[in-house]
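Observations on the three-dimensional arrangement
Letter by letter, the chains look like this.
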Amino acid sequence: HKAVKSAEVDGEGSAVEEKKMVKSELAVAFPPTFSVSEIKNKQRRHFMFMKLKQEKRKQKMQLRKKRRKEREALGDKAPPKEVPKTIENQRVYDETTVDPEDEEIAFDEGTDEFSAYFNGLTNPKVLITTSDRPRGRTVRFCEQLATVIPNAHVYYRRGLALKRIIPQCVARNFTYLMVINEDRQVPNGMVLCHLPNGPTAHFKVSSVRLRKEMKRRGKNPTEHYPEVILNNFTTRLGHTIGRLFAALFPQEPHFVGRQVATFHNQRDFIFFRFHRYIFKNEKKVGIQELGPRFTLKLRSLQKGTFDSKYGEYEWVMKRHEMEACRRKFQL
Amino acid sequence: MQHDDVIWDIIGNTQFCSFKVKTKSQNFCRNEYNITGLCNRSSCPLANSQYATIREEKGQCFLYMKVIERAAFPARMWEKVKLSKNYEKALEQIDENLIYWPRFIRHKCKQRFTKITQYLIRMRKLVLKRQRKLVPLSRKVETRERRKEEKALIAAQLDNAIEKELLERLKQGTYGDIYNFPVHAFDRALEQQDQESESEEEEEEEEDDEKDVGQREFVAEEEVEESDLSDFEDMNKLRTSSDEEEQDESSEEEDEEEMEVQTKASRSKGKSPANGSAARKKRAYVEIEYEQETEPASKSRAT
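Residues numbered from 1 in each chain as written. Chains lettered and ligands numbered in written order. Predicted model: local features only at pLDDT ≥ 70, side-chain atom pairs only at ≥ 80, totals over all residues. Heavy atoms only, no water.

Naming follows an unreviewed UniProt entry, where chain B appears as Protein MAK16 homolog of Oreochromis niloticus. Under the UniProt heading Sequence similarities (unreviewed entry), the note attached to chain B is "Belongs to the MAK16 family." Regarding chain B, the UniProt comment filed under Subcellular location (unreviewed entry) reads as follows: "Nucleus, Nucleolus". (UniProt positions renumbered as here; feature names shortened; annotations may be inferred.)

Chain A is annotated in an unreviewed UniProt entry as Ribosome production factor 1 of Oreochromis niloticus. A UniProt comment under Subcellular location (unreviewed entry) is attached to chain A, and it reads "Nucleus, Nucleolus". Heading Function (unreviewed entry) of the UniProt record for chain A holds this comment: "May be required for ribosome biogenesis."

Written out as structure tokens, the structure is:
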């Protein structure tokens, strides 16, 4: 091993121009256990590594060319192009994925806490508030949220305990309580509580863009009820969260208003966007973004209303278990 | 002997005192037995042999007193008196213990005691209210999540997804009659009808054939023969338009894909060269015209 090493070192002792001539001979002389990282000299090690990379690249290009020639030669009979692997393709199959025809789930959804809304019995009424002493950005975010969600009211939190607010809200027929938590003058958390006795979801809020920071945005949203798009909520948990969002908005959207609120779930991040759309013809639609945008990540789902001490948690984000696999998602 | 003045001369003004903290406007004293916290001739516990303070331990207030008689016994120098929890009683205790002491020390002791009781009350009240819980964030985890979010955003292709969903909804007719794009839905409906009625047509064909026999129909002279007009370029253009009209009419019953192609073809009217496309026949099948640029050829001729 050492003898070979010294030989190869001698080979590299020559000047840089000669190194390239000696290349082919050196390539043959490597023992199988040799690795580039064993060379102590940084310059030589770097050079050998670059050489190795070039070799690999050359082989890859040759392979590619060969494959392309074969494909052209076969013409129509060529095998179809391979689909590249994406994280969505490789997603670990989740056993709680909802099958559209599952009766049990249909029954569950017919009788859960949102059934009152989905059967048209209640109209959504949302109370938006913040944590103590909100700063400018959070306040503006709350105001913009209130314009986006119809029938929403913003109230200043004067150090009141949530558990005291909740019975008052219920008494005044609110269906939702939304608390935006603030940290260092920026909103970073949201507690969404469905009121009569419904589930409470705690989210982490990130990438908040207020209206004036958005490029190419349209005019302010009008009072029309927007439509709702919920994308990619596949698992049972995802379904619950999706319904939680859907129940924020009134059941009958005003199509005249041409506004749409989107909750798009991708890899457990829920992106919220608010657009105005216009159909140019039956094949093309143009969308223009109004309204704030933010992303949510679910942290916990609690069965009853907000109760941090004695609440019953339906789902809690446990990072070490759930984020261990890169291809496993919960929503 | 205790020479207070000498001590003050040394530590207060000229030389070093390890308890002194100097700021731009004030001198503070860090000695724990100091009654006011400032570095003064009358507040310095080292430079006054007769001194008293109030100190608080775990919610309990004590009165500490130092007299010159015990100056030689550092271990027993400070006399500690526990004060009552009742504010007025404690004040009386202070008065009774510091009777005949200098006015300054008595007054400052009572002031200090008042302040201490006030902050103890406030501490007890705060514990009852809601506490803000500080959750430590791990920097590594936060950067990882941020990166994941960016990648998820790119993978999501939100605009495309939203547009696709809206078009789906339009197709399924959730918007009802608001939008006047009946062609799409109409064509789809027609397509379905065609597929359904194909089987019926086969039965009816025979009847149709028999029906049309003997009937007269007057047809307009839309069809122009190629041989007459192939020499004229202008007539070619006319012919393209008329042919395309024909093709448009004939393809109304066909699928929309073909319609799209037709519309593309009709749009390329202006640029289609005379002989660039395949020979135009009057049959009702789809032709795709390719635009070819004739400009370079003309340029070369000119030069």
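Moving on from the coordinates now.
**Details of the interface of chain B and chain A**
With 30 residues of chain B at the contact, the number on the chain A side is 36 residues. Roughly 3100 Å² is buried in total at the junction of chain B and chain A, and carbon and sulfur atoms are behind 61% of that figure. Where chain B touches chain A, the interface holds 5 salt bridges. Between chain B and chain A we count 8 residue pairs in polar contact (both at pLDDT 80 or more) in total. The set of elements that each furnish at least two residues to the side of chain B that touches chain A consists of α4 (139–156) and α5 (158–172) of chain B. It is α4(B) that contributes the most residues to the side of chain B that touches chain A, 11 residues altogether. Grouping the constituent residues of the side of chain B that touches chain A by class yields 15 nonpolar, 2 polar and 13 charged. (Contact = heavy atoms within 4.5 Å. Buried area = accessible area lost by both parts, 1.4 Å probe. Salt bridge = Lys/Arg side-chain N within 4 Å of Asp/Glu carboxyl O. Polar contact = N/O pair within 3.5 Å; in protein donor to acceptor, adjacent residues only side chain to side chain. Helix = DSSP H or I, 4+ residues; strand = E, 2+ residues; numbered from the N terminus. Nonpolar A, V, L, I, M, F, W, Y, C, P; charged D, E, K, R; others polar.)

**Some remarks on the state of the cysteines**
What the rule picks out here adds up to 0 disulfides over all chains. The thiol sulfur of Cys17(B) is not disulfide-bonded, and the nearest other cysteine sulfur, from Cys39(B), lies at 5.8 Å. (Disulfide = S-S within 2.5 Å.)

**Concerning the pattern of salt bridges**
Here the structure, examined in full by the defined rule, presents 19 salt bridges over all chains. Note that Arg267(A) is salt-bridged to Glu88(A), the shortest N-O span being 2.8 Å. Residue Arg267(A) is found in the loop between β7 (259–266) and β8 (269–281), and its partner Glu88(A) is found in the loop between α3 (42–74) and α4 (103–110); the two are separated by 179 residues along the sequence. Lys297(A) is paired through a salt bridge with Glu145(B); the nearest N and O atoms lie 3.2 Å apart. Here Lys297(A), found in strand β9 (residues 284–302), pairs with Glu145(B), found in helix α4, and the two come from separate chains. On the basis of relative accessible area, Lys297(A) is assigned to the buried category, the value being 8%. (Buried < 20%, exposed > 50% of the residue type's maximum accessible area, 1.4 Å probe, protein only.)

**Some points on the sheet that holds strand β5 (residues 78–82) of chain B**
Residue and element names in this part refer to chain B. Read from one edge of the open sheet, 3 strands run β3-β4-β5, paired in antiparallel fashion. Both edges of this open sheet fall to β3 (51–57) and β5, since each of them pairs with a single strand only. Each adjacent strand pair in this sheet contributes to an overall mean axis angle of 25°, direction not counted. Pairing geometry for strand β4 (residues 60–66) and β5, over 5 bridges, is antiparallel. Of the residues in β5, the one forming a bridge with Lys66 is Trp78. Docked against the sheet, helix α2 (residues 87–97) engages β3, β4 and β5, running at close to 10° with respect to β4. (Pairing = 2+ DSSP bridges. Axes fitted to C-alpha atoms, helices over the stretch in contact; angles between N-to-C directions.)

**Digging into the environment of Glu56(B)**
Residue and element names in this part refer to chain B. Counting through the fold element by element, Glu56 comes out in strand β3. A relative accessible area of 25% means that Glu56 is categorised as partly exposed. Sequence spacing of Glu56 and Phe113 is 57 residues, and the spatial spacing of their C-alpha atoms is 8.9 Å. Ignoring sequence-local partners within four residues, the contact set of Glu56 consists of Cys61, Ile116, Tyr119 and Leu120. Within the local environment of Glu56, its side chain forms a polar contact with the backbone nitrogen of Gly59, the two atoms lying 2.9 Å apart. At 2.8 Å, the side chain of Glu56 and the side chain of Tyr119 are in polar contact.

**Description of the packing of α4(A) against helix α8 (residues 236–246) of chain A**
Residues and elements named next belong to chain A. At a closest axis distance of 12 Å, the pairing of α4 and α8 adopts a crossing angle of 30°. By the angle class used here, α4 and α8 are roughly parallel. As for the relative orientation of α4 and α8, their crossing is right-handed in sense. Judged by residue contacts, Ile105, Asp108 and Glu109 of α4 engage Arg236, His239 and Arg243 from α8. Partitioned by chemical class, the residues of the contact of α4 with α8 number 1 nonpolar, 1 polar and 4 charged. (Parallel < 35°, antiparallel > 145°, perpendicular 65-115°, else oblique. Left-handed = near helix turned anticlockwise from the far one by under 90°.)

**Some words on the nonpolar core**
Judged by nonpolar contacts, the single largest core of 43 residues is most densely connected at Phe203(A) and Phe245(A). When residues no more than four places from it in sequence are discounted, the contact partners of Phe245(A) are Leu192(A), Phe203(A), Leu230(A), Phe233(A), Phe263(A), Ile270(A) and Leu296(A). Val67(B), Leu98(B), Trp101(B) and Phe113(B) belong to the second-largest nonpolar core, a separate cluster that totals 20 residues. (Core = buried A, V, L, I, M, F, W, Y, C linked by side-chain atoms within 4.5 Å.)

**Let's talk about the side chain of Thr175(A)**
The topology assignment puts Thr175(A) in the loop between α7 (162–171) and β3 (176–183). Of the polar contacts made by the side chain of Thr175(A), one reaches the backbone nitrogen of Lys125(A); its length is 2.7 Å.

**Brief notes about the confidence of the model for chain B**
Residues and elements named next belong to chain B. For chain B, mean pLDDT is 76; residues scoring 70 or higher make up 62% of the total. Here residues 295–303 scores under 50 on pLDDT; set against residues more than four positions off or in separate chains, the count is 0 contacts. The complex prediction reports pTM at 0.64, with the ipTM value standing at 0.79. (pLDDT = per-residue confidence, 0-100.)

**Points about the pairing of β4(B)**
Both faces of the sheet carry side chains from a regular strand, because those side chains alternate between them. Residue and element names in this part refer to chain B. Counting buried positions along β4 gives 7 out of 7 residues, so the element sits mostly inside the fold. The two faces of β4 match: Gln60, Phe62, Tyr64 and Lys66 on one face and Cys61, Leu63 and Met65 on the other face are all buried. The pairing of β3 with β4 spans 7 bridges and is classified as antiparallel. Each residue of the ladder has a partner; that of Glu56, found in β4, is Cys61. Taking the residues that link successive antiparallel strands as the turn, the β3-β4 hairpin has 2 residues, and the phi of Lys58 there is positive, at about 50°.

**Some points on α2(B)**
Residues and elements named next belong to chain B. All buried positions along α2 are accounted for by Ala90, Leu91 and Ile94. The buried side chains of α2 occupy one side of the element, clustering within an arc of 100° when seen end-on. Turned more than 90 degrees off the buried face of α2, the exposed positions are Glu88, Lys89, Glu92 and Glu96. Elements that come into contact with the buried residues of α2 comprise β3, β4 and α3 (103–128). (Arc of directions from axis to C-beta.)

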